[in-house]
Amino acid sequence: MTRLIFLGPPGAGKGTQAKNLAQDCDLPHISTGEILRQAVKDQTPLGVKAQSYLDKGDLVPDKLIEDLIEERLGKPDAQSGWILDGFPRTVNQAVFLEQLLQKLHQQGGERVINLEVPDDIVISRLLERGRNDDTEEVIRHRLEVYRSETAPLIDFYSDRNLLLCVNGNQSPEEVTADLKKIVVS
Ligand SMILES: Nc1ncnc2c1ncn2[C@@H]1O[C@H](COP(=O)(O)OP(=O)(O)OP(=O)(O)O)[C@@H](O)[C@H]1O
Ligand SMILES: Nc1ncnc2c1ncn2[C@@H]1O[C@H](COP(=O)(O)O)[C@@H](O)[C@H]1O
């Protein structure tokens, strides 16, 4: 059973790698950022609530994202594994996920991949990507939020012996090759 969680700063390549791996392994790629961006585009009640957070590069409130994840991991296609990209993003969310996986009888076997990329590289990648939230000001704020809210998850998962670090500062193909070695091991 493959259950992977991608960690790493904005622009580390989580989405790029998670999408490829999900296709190759025939698993759902669950990106909370993509779900939220679609909700904003469709102006659903979730999207209306989330929009100002995404625009500023702030995290949406835990409860909003936890409800979304609970619904998504309960769907039939998530019962034989999944790849999470962008969740969890806070220690509270990680604790919620542990409890949710027990409730859904999906606990055990998950692995957490920390994609390591230096700040100057992620900033230049994101400026080039050019998403709405990829302005220099918002990128710098997202990096601060990453450091204060999300980076503590490295210790959280390391303490649980679930963490695997991968050098994300290589070509996409080289990162994929390193990831595949982990997934088949
Ligand atoms: N190994 C790589 N080398 C160079 N560019 C890359 C690499 N991986 C991804 N990119 C590019 O960097 C940008 C950011 O990648 P991606 O969207 O996958 O990052 P992310 O970690 O999901 O970011 P975010 O958390 O902001 O959504 C994209 O334009 C992508 O094409
Ligand atoms: N897990 C999350 N918690 C809070 N906010 C989140 C979460 N995942 C995504 N968001 C919001 O969406 C944007 C974009 O996310 P990406 O993963 O970078 O695509 C992020 O800045 C948060 O506002």
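Remember, it's a predicted structure, so these values are computed and weren't measured experimentally.

## Some points on the site of ligand 1
Piece 1. Around ligand 1 sit 17 residues in total, of which Lys 14, Thr 16, Arg 129, Arg 142 and Gln 170 are the nearest.
Piece 2. Take Gly 15: an N or O atom from its main chain is 2.8 Å from an oxygen atom of ligand 1.
Piece 3. Out of a free accessible area of 630 Å², ligand 1 has 76% covered by protein chains.
Piece 4. If you list the elements that add at least two residues to the shell around ligand 1, you get helix H1 (14-25) and helix H6 (119-129).
Piece 5. Within the shell around ligand 1, the residues separate by chemical class into five nonpolar, seven polar and five charged.

## Quick notes on unusual backbone geometry
When glycine is set aside, most residues are seen to have a negative phi, and most peptide bonds are trans.
Piece 1. Here the amide bond leading from Phe 87 into Pro 88 is cis, since omega sits at 0°, within 30 degrees of zero.
Piece 2. In this fold, Pro 88 is placed in the loop between strand S3 (81-85) and helix H5 (91-103).
Piece 3. At Asp 26, a residue that is not glycine, the phi angle is positive and equals roughly 55°.
Piece 4. Considering the arrangement of structural elements, one finds Asp 26 in the loop between H1 and strand S2 (29-31).
Piece 5. The backbone of Asn 161 shows a phi angle near 60°, a positive value even though the residue is not glycine.
Piece 6. In this structure, Asn 161 sits in the loop between helix H8 (152-159) and strand S5 (163-167).

## As for the UniProt feature "binding site: AMP" (unreviewed entry) in the protein
Piece 1. Mapped onto the present numbering, the UniProt feature "binding site: AMP" (unreviewed entry) falls at Thr 32, Arg 37, Asp 58, Leu 59, Val 60, Gly 86, Phe 87, Pro 88, Arg 89, Gln 93, Arg 131 and Arg 142. On the basis of their most widely separated C-alpha atoms, the annotated residues across 111 residues do not gather in one place, lying as much as 25.1 Å apart.
Piece 2. Note on placement: Val 60 falls in the loop between helix H3 (45-56) and helix H4 (62-73).
Piece 3. Residue Phe 87 is classed as buried on the basis of its relative accessible area of 0%.

## Some details on the UniProt feature "binding site: ATP" (unreviewed entry) in the protein
Piece 1. Within this structure's numbering, the places UniProt gives as "binding site: ATP" (unreviewed entry) are Gly 11, Ala 12, Gly 13, Lys 14, Gly 15, Thr 16, Arg 129 and Gln 170.
Piece 2. The residue Lys 14 is located in helix H1 in this model.
Piece 3. If we ignore the near neighbours within four places in the chain, the residues touching Lys 14 are Phe 6, Leu 7, Gly 8, Pro 9, Asp 85 and Leu 115.
Piece 4. Among the polar contacts made by the side chain of Lys 14, one reaches the main-chain carbonyl oxygen of Gly 8 at a distance of 3.2 Å.
Piece 5. Residue position: Thr 16 is located in helix H1.

The rules behind each value
Residues numbered from 1 in each chain as written. Chains lettered and ligands numbered in written order. Predicted model: local features only at pLDDT ≥ 70, side-chain atom pairs only at ≥ 80, totals over all residues. Heavy atoms only, no water. Near = heavy atom within 4 Å. Polar contact = N/O pair within 3.5 Å; in protein donor to acceptor, adjacent residues only side chain to side chain. Areas by Shrake-Rupley, 256 points an atom, 1.4 Å probe, with all protein chains shown as cover. Helix = DSSP H or I, 4+ residues; strand = E, 2+ residues; numbered from the N terminus. Nonpolar A, V, L, I, M, F, W, Y, C, P; charged D, E, K, R; others polar. UniProt positions renumbered as here; feature names shortened; annotations may be inferred. Buried < 20%, exposed > 50% of the residue type's maximum accessible area, 1.4 Å probe, protein only. Contact = heavy atoms within 4.5 Å.

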